[in-house]
Structures are given as structure tokens and as C-alpha cells.
Amino acid sequence: MDGCIFCKIAKGEIASNIVYDGELVIGFRDVNPQAPHHYLIIPKKHIANITDIGEDDLPMLAEMFRAVNSLTEEKGMQARGFRTVMNQGRMAGQTVDHLHLHILGGRVMGWPPG
Ligand code: 5GP
Ligand code: ZN
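Scoring rules and cut-offs
- Residues numbered from 1 in each chain as written.
- Chains lettered and ligands numbered in written order.
- Predicted model: local features only at pLDDT ≥ 70, side-chain atom pairs only at ≥ 80, totals over all residues.
- Heavy atoms only, no water.
- Helix = DSSP H or I, 4+ residues; strand = E, 2+ residues; numbered from the N terminus.
- Expected span 1.5 Å × (residues − 1).
- Buried < 20%, exposed > 50% of the residue type's maximum accessible area, 1.4 Å probe, protein only.
- Arc of directions from axis to C-beta.
- Contact = heavy atoms within 4.5 Å.
- Donors = N, O, S within 2.8 Å, 3.2 Å for Na, K, Ca; no water.
- Tetrahedral: all angles 85-135°; square planar, octahedral: opposite > 155°, others 65-115°.
- Phe/Tyr/Trp six-rings, centres within 6.5 Å; stacked < 30°, edge-to-face > 60°.
- Near = heavy atom within 4 Å.
- Polar contact = N/O pair within 3.5 Å; in protein donor to acceptor, adjacent residues only side chain to side chain.
- Areas by Shrake-Rupley, 256 points an atom, 1.4 Å probe, with all protein chains shown as cover.
- Nonpolar A, V, L, I, M, F, W, Y, C, P; charged D, E, K, R; others polar.
- Core = buried A, V, L, I, M, F, W, Y, C linked by side-chain atoms within 4.5 Å.

Student: Can you walk me through helix 2 (residues 58-74) in this structure?
Tutor: Counting along an α-helix, one turn takes 3.6 residues, and residues three or four places apart therefore face a common direction. Relative to the 24 Å expected for 17 residues at 1.5 Å per residue, helix 2 spans 24 Å between its end C-alpha atoms, a close match to the ideal helical length. All of the buried residues along helix 2 are Met60, Glu63, Met64, Ala67, Val68, Leu71 and Thr72. With its buried residues spanning 160° around the axis, helix 2 presents them on a single face. Buried residues in helix 2 make contact with strand 1 (18-21), strand 2 (25-29), strand 3 (37-43), strand 4 (82-85) and strand 5 (101-105).

Student: What is the right way to look at the coordination of the zinc ion (ligand 2) in this model?
Tutor: Geometrically, a metal with four donors at the corners of a regular tetrahedron has ideal angles of 109.5 degrees, and one with six donors at the corners of a regular octahedron has ideal angles of 90 or 180 degrees. Within the protein, the atoms that donate to the zinc ion (ligand 2) are Cys4 (SG), Cys7 (SG), His46 (ND1) and His98 (ND1), at distances of 2.0 to 2.3 Å. With 4 donor atoms in place around the zinc ion (ligand 2) and angles of 105 to 115° between them, the coordination shape is tetrahedral. The sequence pattern formed by the donor residues of the zinc ion (ligand 2) is C-x2-C-x38-H-x51-H. Placement of His46 in the loop between strand 3 and helix 2 and of His98 in the loop between strand 4 and strand 5 is noted, with a sequence separation of 52 residues between them. Judged by its relative accessible area of 24%, His46 falls in the partly exposed class.

Student: Teacher, can you tell me more about the packing of aromatic side chains here?
Tutor: Working definition: an aromatic ring pair is given by the centre-to-centre distance plus the angle between the planes. This model, assessed by the stated rule, comprises 1 aromatic pair. With 5.4 Å between their ring centres and 80° between their planes, Phe6 and Phe28 make a pair best called edge-to-face. One end of the pair, Phe6, is in helix 1 (residues 5-10); the other, Phe28, is in strand 2, with 22 residues separating them in the sequence. We classify Phe6 as buried; its relative accessible area is 7%. For Phe28, a relative accessible area of 2% gives the class buried.

Student: I tried to follow the site of ligand 1 on my own but got confused; where do I start?
Tutor: Neighbouring ligand 1 are 16 residues; Arg29, Asp30, Asn87, Thr95 and His102 lie closest to it. Here a nitrogen atom of ligand 1 and a backbone polar atom of Arg29 are 2.9 Å apart. Asp30 is positioned with one of its side-chain polar atoms (N or O) 2.5 Å from an oxygen atom of ligand 1. When the free accessible area of ligand 1 is taken as 520 Å², the share hidden by the protein chains comes to 82%. Among the elements of the structure, helix 1 and strand 2 are those that each provide at least two residues to the shell around ligand 1. By residue number, the principal contributor to the shell around ligand 1 is helix 1, which donates 3 residues. In the shell around ligand 1, the residues fall into 7 nonpolar, 7 polar and 2 charged.

Student: Please explain the nonpolar core as it appears in this structure.
Tutor: If you look at soluble globular proteins, the nonpolar side chains tend to sit buried side by side. Among the nonpolar cores identified, the biggest contains 15 residues, and Val25, Tyr39, Ile41, Met60, Met64, Leu71 and Ile103 are the most heavily contacted of them. The set of elements that each furnish at least two residues to this core consists of strand 1, strand 3, helix 2 and strand 5. Per-element accounting of this core gives the leading share, 5 residues, to helix 2. The residues contacting Ile41, other than those within four sequence positions of it, are Val25, Ile26, Gly27, Met64, Ala67, Leu71, Leu99, His100, Leu101 and Ile103. Of all hydrophobic cores here, the second largest spans 9 residues; its members include Cys4, Phe6, Ile26 and Leu40.

In C-alpha cells:
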């Protein structure tokens, strides 16, 4: 989608620190990390929000969670634990309107989230 920063990252038009490159999703380091480990997993195709995910996107979702598994294993995050987050809408703090799953780890997380 024109003007979407994450579409540009997915197409390689904007540089990012890629940590996972799959068929339907990619993972890269968050430019403004909120924890020692902070990665984003996004679909290569433009999907704006959680509520825009369709039945046809189930293979993408499966690959998204395969990416979580392999990346957290590779980064040694599974023994101590990690958090995944998807924000939707302004009250939740969504700032990029292209679906993304945050993976955060490497420090103790508070609950409830702020
Ligand atoms: P949201 O607030 O929408 O849940 O998360 C968007 C995330 O994207 C933020 O954590 C922000 O730091 C990250 N982000 C925004 N623009 C860029 C970018 O150009 N490159 C990378 N690597 N991360 C970005
Ligand atoms: Zn997009």
C-alpha cells in the first residue's frame, strides 16, 4: 500500500534489521526498542489491523507464530520468557497501520501493561 512504512520495509525499499525472512511474514528489530529484545513480525502483504485479518490469512498467521517460535529460540528467549503484543487503535497506542506483532524480552515485564 502506497505510503505504508511497513510495506516499504517488507519490499526492502526502507532499510531495516531483518531477523526473520519467511514466505508470508518478515521479522525485524524495532527502531525504538522498549526492551533488550524487541522485534516486530509483519505480514508481507498489507493488512491494516487485527480486525482486517481474513480467513485467507490463516497461513500467514500460522507462519507469524512459527516465526515467534524460531526467533525466540534463536535469541535464547524461551527459558526466561517473553511477551507478544498487538496494539489496535489509538487507545492501545497503535502508531503504524500495518499489522505487526511485537516480541519483547530480556527484562522483567510489568502487568497490567501501561
Ligand atoms: P505500534 O505502536 O503501532 O504498536 O508499534 C509500531 C512500532 O513500529 C513502534 O514500536 C516503532 O518503534 C516501530 N517503528 C516505526 N517505524 C519504524 C521503522 O521505520 N523501522 C523500524 N524498524 N521500526 C519502526
Ligand atoms: Zn502496509
